[in-house]
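A look at the structure
Residues per chain are reported as follows:
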Amino acid sequence: MTGVLPARRLLEAVYRAAVDAADPRHAMSQMLPSRPKERTILIGAGKGSAMMAAAFEDIWDGPLEGVVVVPHGCGFQCSRVEVIEASHPLPDEAGHEAARRLLGVVSDLSEDDLVVAMMSGGGSALLPSPAEGLSLDDEIAANAALLASGAPIDAMNTIRKHISTIKGGRLAVSAAPAKMVTIVMSDVPGDNPATVASGPTIADSSSRDDALRLIDTYRIQLPAPVLAHIQSPASEAPSPNDPVFRHNQVHMIASARISLEAAARKAQELGVRSAILSDSLEGEARYVGSVLASIAREVATRDRPFTKPVLLLSGGETTVTVRSKGKGGRNTEFLLAFAIGISGIEGIEALAADTDGIDGTEKNAGAFANATSVERMRNARRDPKHLLNCNNSWTAFDSIGDLFTTGPSGVNVNDFRACLII
């Protein structure tokens, strides 16, 4: 390990490499559509949509107009495309108005027009557009129930598609017969573009029966009007076989896989061998944390299934079943369970953070943990297990000064986890 950066500097360096790899400027020029005879409209929603739109502006040599929606405090602006800020993870009236704006700018288009859609994670909450008979309050309550349920992101987005006038391909239907090109920054395990932001411009094969099955499986307590709507035929989303989608194009511009591979290359440059465990880990954050802690212990104490030194990388999106009103997101909850699992085992240093720079509702991207984390929390008069049970992981890491704060990154390819074992 001679010449290798100190552990936390190395972890931060590979995180930065992962985030940089998701910068749309690296790939946008390779997927530019042909200029249309008439207008080019750029629309988008999600944590990475403003950065994607700005990259498109830089390389598009024709007239351009449009609207993208980002979370409050995104920090990215465009010169020709309007950037609207709205609430995330729960929708608000600003998002509702933004959804109306997006539907408005793509109405009355012709086959000689082009619509370019920039979709990334977070777009589901940023584009509330309740189905007929439902209110914005109904959609907000439904999102709150989904977020508290512990259901995986693809399940949540399947349900969201069936209570909306914009998700599940409906925005593309509104834009027809204009040509539609969708550019996606994936934040979902498996990188199904129809799942990202609940697929406003992309149809998929999920049905209302699928949505009802998921509601039952995860025991999601939806408002009565929302459940009644999903049970009705009116909730069905457009079929992928609809002629509207026949000539639409979809391009994946960034994903967890691409970012993890960039992180692995950076680690190699810094003199550390790495192993990518998975780019699509799912499950309850605390349970995934405990499992990865078991693997780290095995490597640290027995040199198996990997030999030291090694950097273990993983991505995907864990979930949190809300049990209490504590502070924290899925990355710090994962890491608190991990810290408990490796307590006292020397030679392990870990970082868990969201690539968008915001973990949950707090301002940190994630946190660091090592063998001393639990002891230091106890010395600060914090009980790590109690804080974990109360979904209060932010408080645990704040008490020892180990939060990792970057500010919004403008990209979103989901969770990033790096564990260095020396």
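The present account deals with the structure reproduced in this document.

This next bit is on unusual backbone geometry. Along the chain, H88 connects to P89 via a cis peptide bond; the corresponding omega equals 15°. Tracing the backbone through its elements, the reader meets P89 in the loop between β3 (82-86) and α3 (93-105). Look at the link from K308 to P309: it is a cis peptide, with omega at -5°. Residue placement: P309 occurs in the loop between α11 (285-302) and β8 (310-316). At D108, a residue that is not glycine, the phi angle is positive and equals roughly 60°. Looking at the secondary structure, you find D108 in the loop between α3 and β4 (114-120).

So, about helix α1 (residues 7-21). Look at α1: 21 Å from first C-alpha to last across 15 residues, which is about the 21 Å you get at 1.5 Å a residue. For α1, every residue scored as buried is listed here: L10, L11, A13, V14, Y15, A17, A18, V19 and A21. Buried residues in α1 make contact with α10 (256-269), β8, β9 (348-354), β10 (366-370), β11 (403-404) and β12 (415-421).

With that settled, consider the pattern of salt bridges. Going through the model one piece at a time under the given rule, you end up with 27 salt bridges. When the shortest N-O distance is used, the salt bridge between D402 and R8 registers 2.9 Å. Remark: R8 occurs in helix α1 and D402 occurs in the loop between α15 (393-398) and β11; sequence separation between them is 394 residues. By relative accessible area, which is 5% here, D402 ends up buried. Close ionic contact of E284 with R323 constitutes a salt bridge, the shortest N to O distance being 3.6 Å. Pair noted here: E284 is in the loop between β7 (274-281) and α11 and R323 is in the loop between β8 and α12 (330-342), with a separation of 39 residues, a long-range link. Residue classification places E284 among the buried positions, given a relative accessible area of 12%.

Reading across from one edge, β3-β2-β1-β4-β5-β6 is the order of the six strands in this open sheet, with parallel pairing throughout. The two strands at the open ends of the sheet, each matched to only one other strand, are β3 and β6 (249-254). Across the sheet, the axes of successive neighbouring strands diverge by a mean angle of 20°, strand direction being ignored. Where strand β2 (residues 65-71) lies against β3, five bridges are found, and the strand directions are parallel. Its bridge partner being in β3, P71 is matched across the sheet by A86. The strands touched by helix α2 (residues 49-59) are β1 (40-45), β2, β3, β4, β5 (179-185) and β6; relative to β4, the strand with the most contacts, the crossing angle is about 140°.

Before going further, it helps to examine the environment of L420. For L420, the location among the structural elements is in strand β12. Under the relative-accessibility criterion, L420 is labelled buried at 2%. Each C-alpha atom, one on L420 and one on D216, is 40 Å from the other, the two residues being 204 residues apart in sequence. Among residues more than four places away in sequence, those in contact with L420 are A7, L11, V272, V310, L311, G347, I348 and E349.

It is worth spelling out the side chain of T158 at this point. In this structure, T158 sits in helix α6 (residues 153-160). What makes T158 buried here is its relative accessible area of 11%. Other than its neighbours up to four places away in sequence, T158 contacts S206, D210, A211 and L214.

Attention now moves to the nonpolar core. Ranked by size, the top nonpolar core spans 53 residues in total, and within it I183, I253, L311 and F416 carry the most contacts. Ignoring sequence-local partners within four residues, the contact set of I253 consists of P24, A27, M28, M31, M52, I183, V184, M185 and I258.

Ordered in space as β7-β8-β12-β9-β10-β11, the six strands form an open sheet in which the pairing is mixed. Two strands close off the open sheet at either side, each with one partner strand: β7 and β11. Bridge count between β9 and β12: seven bridges; the pairing is antiparallel. Each bridged residue has a counterpart across the sheet, and for A353 the counterpart in β12 is F416. Strand contacts of α11: β7, β8, β9 and β12, with the helix running at about 20° to β12, the strand carrying the most contacts.

Here L136 is to be found in helix α5 (residues 136-149). Overall, L136 belongs to the buried group, its relative accessible area being 13%. C-alpha separation for the pair L136 and S164, spaced 28 residues apart in sequence, amounts to 10 Å. Residue contacts for L136: discarding those within four places in its chain leaves D92, E93, H96, P128 and P130.

The rules behind these values
- Residues numbered from 1 in each chain as written.
- Predicted model: local features only at pLDDT ≥ 70, side-chain atom pairs only at ≥ 80, totals over all residues.
- Heavy atoms only, no water.
- Helix = DSSP H or I, 4+ residues; strand = E, 2+ residues; numbered from the N terminus.
- Expected span 1.5 Å × (residues − 1).
- Buried < 20%, exposed > 50% of the residue type's maximum accessible area, 1.4 Å probe, protein only.
- Contact = heavy atoms within 4.5 Å.
- Salt bridge = Lys/Arg side-chain N within 4 Å of Asp/Glu carboxyl O.
- Pairing = 2+ DSSP bridges.
- Axes fitted to C-alpha atoms, helices over the stretch in contact; angles between N-to-C directions.
- Core = buried A, V, L, I, M, F, W, Y, C linked by side-chain atoms within 4.5 Å.

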